[in-house]
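An overview of the molecular structure
Letter by letter, the chains look like this.
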Amino acid sequence: MGGQAMTLTDQRPASEPRIVYNEGYLDEQTKRAIRRALLKGVAIPGFQVPFASREVPMPRGWGTGGVQVTASIIGPEDLLKVIDQGADDTTNAVSIRQFFERVAGSASTTHTEQATIIQTRHRIPETPLAAGQTIVYQVPIPEPLRFLEPRETETRRLHALEEYGLMYVKLYEDIARYGHIAKTYDYPVRVNGRYIMAPSPIPSFDNPKMHMSPALQLFGAGREKRIYAVPPFTSVESLGFEDHPFEPQSFERPCQICGSEGVYLDEVITDDAGGAMFVCSDTDYCARTSSGTSTEGAPQ
Amino acid sequence: MNGEITAGAPGVMARAAAAGEEPSDDFRREVGGHADESGGDMCAASGKVLSVREAGHRYGDRFGCRGVSFDLWPGEVLAVVGESGSGKSTLLGLLSARLSTDEGSVRCQTSGGELTELATLSEREVRRLWRTDWGFVHQNAADGLRMHVSAGGNVGEPLMANGWRHYGQIRARAAEWLERVEIPAHRMDETPATFSGGMRQRVQIARNLVFGPRLVFMDEPTSGLDVSVQARLLDLIRSLVADLGLAVVIVTHDLAVARLISHRTLVMKDGQVIEHGLTDRVLEDPQAAYTQLLVSSILKG
Amino acid sequence: MTHSPPVLSARDVAKTFTLHLQGSLQLPVLQGVSFDVPAGRCVVLGGDSGAGKSTIMKMVYGSYLTDSGSILLAHREGLLDLATAPPRQVLAARRESMGYVSQFLRAVPRVPAIDVVAEPLLDNGASRSQAREQAGALLSRLSIPERLWELPPATFSGGEQQRVNIARGFATFTPLLLLDEPTASLDARNRGVVIEMIRERLSAGTGMLAICHDAQVRQAVADHIVDVAGFAPPREEAP
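Summary of the structure given here.

Thresholds applied
- Residues numbered from 1 in each chain as written.
- Chains lettered and ligands numbered in written order.
- Predicted model: local features only at pLDDT ≥ 70, side-chain atom pairs only at ≥ 80, totals over all residues.
- Heavy atoms only, no water.
- Helix = DSSP H or I, 4+ residues; strand = E, 2+ residues; numbered from the N terminus.
- Contact = heavy atoms within 4.5 Å.
- Lys, Arg positive; Asp, Glu negative; His and termini not counted.
- Charge placed at Lys NZ, Arg CZ, Asp CG, Glu CD.
- Salt bridge = Lys/Arg side-chain N within 4 Å of Asp/Glu carboxyl O.
- Buried < 20%, exposed > 50% of the residue type's maximum accessible area, 1.4 Å probe, protein only.
- Pairing = 2+ DSSP bridges.
- Axes fitted to C-alpha atoms, helices over the stretch in contact; angles between N-to-C directions.
- Buried area = accessible area lost by both parts, 1.4 Å probe.
- Polar contact = N/O pair within 3.5 Å; in protein donor to acceptor, adjacent residues only side chain to side chain.
- Core = buried A, V, L, I, M, F, W, Y, C linked by side-chain atoms within 4.5 Å.

Another point: the overall build of chain C. Within chain C one finds seven helices and nine strands. Along the first, second and third principal axes, the C-alpha set of chain C runs to 55 × 40 × 35 Å. Relative to all contacts within chain C whose residues are 6 or more apart in sequence, the contacts with residues 24 or more apart total 69%. Averaging the locations of the 23 positively and 24 negatively charged side chains of chain C gives two centres separated by 4 Å.

Structure (structure tokens):
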């Protein structure tokens, strides 16, 4: 294929871009198709909408679902924040941010409250989200029932008929084995009293933030080709038994950098002798709390 | 447990018996044939669990089974016997709505107590039957159990599917049923993958009875087990069926199984019912040539 | 003869076996079988072995098909024709109206002797404790030691099995009792007990149909002997 094309590009001046991308990288048809899936997802909160997942310039499993969702909703006036495990400065977060700066002409920010779109892997920021913001989750396994039921035809049926006994089997097994529900991330939720949904591998610490959130929550699973959504101010209830209700993780100590309590902490190994410190996983929140910059409405 | 007469009908039954009549839609023991069903149905709505008339299922242009008619009442165990390929598994699939009824009629009792044509039920209604009214014990426990979920979780799942949301109650009920099928309490949190074949079948039985079904289908539940384990399992099934007043359709190729636990036997060959009647009558005084062959080849020796 | 209606009345009953595996050989064994069993009487089927006594017994009980004729049983304040009754009604009749003491015990493995005896009582709605208590009394009377009650009878001696069988047959009070060689493997003392039990039931109004080769027992209980040889079909063809 490439012989002629190569000569063509080679003849161009070096200053001219060699490839011109459509705004947002994806072509308009694809964006429309994804937006339709998003609309359907918003209309049926928690329902997994199949979509034709496209190639994007990163491997499947690195957030291609989230990238496609973001690409379909982002415009030049948007301010994008990307976090990976709560951090704005990891390789993946930085790459995705730069990718959109280049293909969508959007500006980037690390400040949660300034961002119009937040793409995330594994966390919801500590700073509460506000109406008008959209959070895009990268999802590896969208099917919460997959653990016990490998057949897609069957899980779809179970969702359709609202047969969710199976989901509780997993919780039962945890209690039988460990005395409590041991699942601490990707903890299943029931959305709007109807569909059971995987919240993506966020810590169960973050689950309560999804409930009645003023922000629009979108979920993209690129490898599994599913999109789903939770509209603003929608109930998101974490599952549990009457006598073993859902309990989010909690931390008994404050962040060792900024001193915040009631935040999600990462353990950071500090030396070869096994020394460790516990610090905020949300780097933006931590940096601004410790420097005294305002993060309005943040927890104590 | 008296499964014979049900609310509202005893007088009718007694009078029918007194007059030497049979309720016209009752099961006939005549070989092969069936009485005309058009006569007055004196036992309408009197608690039949299953009512089958000339039912058949077709694979392409060939019938897997055809022309099957019988009624099943609470507390009754019906054995379907025949060699492999005789159509007995097809019949089981047909009765349990896993296969379509391509001709004739299969009616089952639904929650209201009335008989409903299976073919008219939606998928949701059929699945509801599976959750609340019907059990199915598979020949291979791996088909009926989650092999990597604990025994307690396997038995508790139908309860959770029926809306139980109290862990302590689910666990207590599961433990009670595991004890009933003789699984030691300390193995409750182990998975069936670590159990013997006989134990797996017992867990499967508990899982299928814990929610109080009225009809249980069993597909060769004891084949593949050692003889001593088989006897123990059959005895367990027999006593549970009697205690709970269950209706059971059990498919087996083993006439000894039919003799031990069934009241009535239906002999199948080439998709047709060759003979049916009281189990001891079919086995001691078989009428059809094929049944005589079966009895002579299996029971002797 | 008695004036009360019979509990069992056979009229013109015939039976032919068709042996399909032997070229559909027709084997007529009985024809014109007619007899009554009045309440409170014991009718013994007499005749040589092979004459068809057991066949009659099994047709009455329903484990053999009756080709023609009628076998009317007093059942639920009416009459049930066992020759044509559908299986459900035969089962009901067995539960409520006719007991059967067969020659051999056919019990499910693993079921304790006392539960084998109690089962017909449970089937008729007795509570478990009540049924077991009555069953225990019967077993004691038939000298089955209490230590055997919780064991499955499969391991018992022939005589013990026979007595468990008798206890089971006598557990419920049915209008008709069928006895097929009830004392065949019993010692003199237990035979005496069984004769006593039979007489008690007869005076309580139970009608009995029995096969009994033991002359002593037969003399003690039989009111009437029906010679089955009289029901033999004419021999037309030599085999």
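With that settled, consider the pattern of salt bridges. The full count for this structure, using the stated rule, is 49 salt bridges over all chains. Between E220(B) and K88(B) there is a salt bridge whose closest N-O contact spans 3.9 Å. Here E220(B) is found in the loop between strand 7 (215–219) and helix 8 (227–244), whereas its partner K88(B) is found in helix 2 (residues 88–95), with 132 residues between them in sequence. Given the relative accessible area of 8%, E220(B) is considered buried. Residue classification places K88(B) among the buried positions, given a relative accessible area of 6%. Taken together, the salt bridges that share partners define one network made up of E154(A), R157(A), E163(A), E123(B), R127(B) and R131(B).

On to the sheet that holds strand 1 (residues 50–59) of chain B. In any sheet, the strands associate via hydrogen bonds between backbone groups, in a parallel or an antiparallel arrangement. Residues and elements named next belong to chain B. Pairing in this open sheet of four strands is antiparallel, and the strands run 2-1-4-5 from one edge to the other. One side of each edge strand has no neighbouring strand; the edge strands of this open sheet are strand 2 (62–72) and strand 5 (115–117). Within this sheet the neighbouring strands show an average axis-to-axis angle of 30 degrees, counted without direction. Relative to strand 4 (residues 103–109), strand 1 is paired through five bridges, and the arrangement is antiparallel.

Moving on: the sheet that holds strand 9 (residues 264–269) of chain B. All names here are of chain B. One open sheet holds the six strands; their spatial order is 6-7-8-3-9-10, and the pairing between them is mixed. Across the chains shown, the open sheet's two edge strands, defined by having one partner strand only, are strand 6 (134–137) and strand 10 (272–278). Sheet twist, expressed as the mean angle between neighbouring strand axes with direction ignored, is 15 degrees. One ladder, built from four bridges, connects strand 6 with strand 7; its direction is parallel. Considered in strand 7, the bridge of W134 is made with L215.

Each partner contributes residues to the interface: chain B has 21 residues there, and chain A has 20 residues. The contact between chain B and chain A buries some 1,900 Å² in all, and 55% of this surface belongs to carbon and sulfur atoms. Broken down residue by residue, the surface that chain B buries against chain A is led by R127(B), R165(B) and Y167(B), which jointly contribute 39%. Where chain B packs against chain A, one counts four salt bridges. One salt bridge in this structure joins R131(B) and E163(A), with 2.8 Å as the shortest N-O distance. Applying the counting rule to chain B against chain A returns 13 residue pairs in polar contact (both at pLDDT 80 or more). Elements supplying a minimum of two residues to the side of chain B that touches chain A: helix 3 (123–132), helix 5 (151–161) and helix 6 (167–180) of chain B.

Here the focus is the side chain of T55(C). Residue and element names in this part refer to chain C. With respect to the element layout, T55 can be found in helix 1 (residues 53–61). The exposure class of T55 is buried, given its relative accessible area of 11%. With residues near it in sequence (within four places) discarded, T55 still touches K15, F17, V29, L30 and Y64.

Now for the nonpolar core. Counting residues in each nonpolar core, the largest one holds 95 residues, and the members touching the most others are F100(A) and F241(A). No other element matches helix 6 (residues 165–178) of chain A, which puts eight residues into this core. Apart from the residues within four sequence positions on either side, F100(A) is in contact with V67(A), T70(A), A71(A), I74(A), L80(A), G105(A), S106(A) and Q119(A). Core analysis: the next-biggest nonpolar cluster, separate from the first, contains 40 residues, L121(C), L142(C), W149(C) and A210(C) among them.

Purely geometric numbers; function is a separate question.
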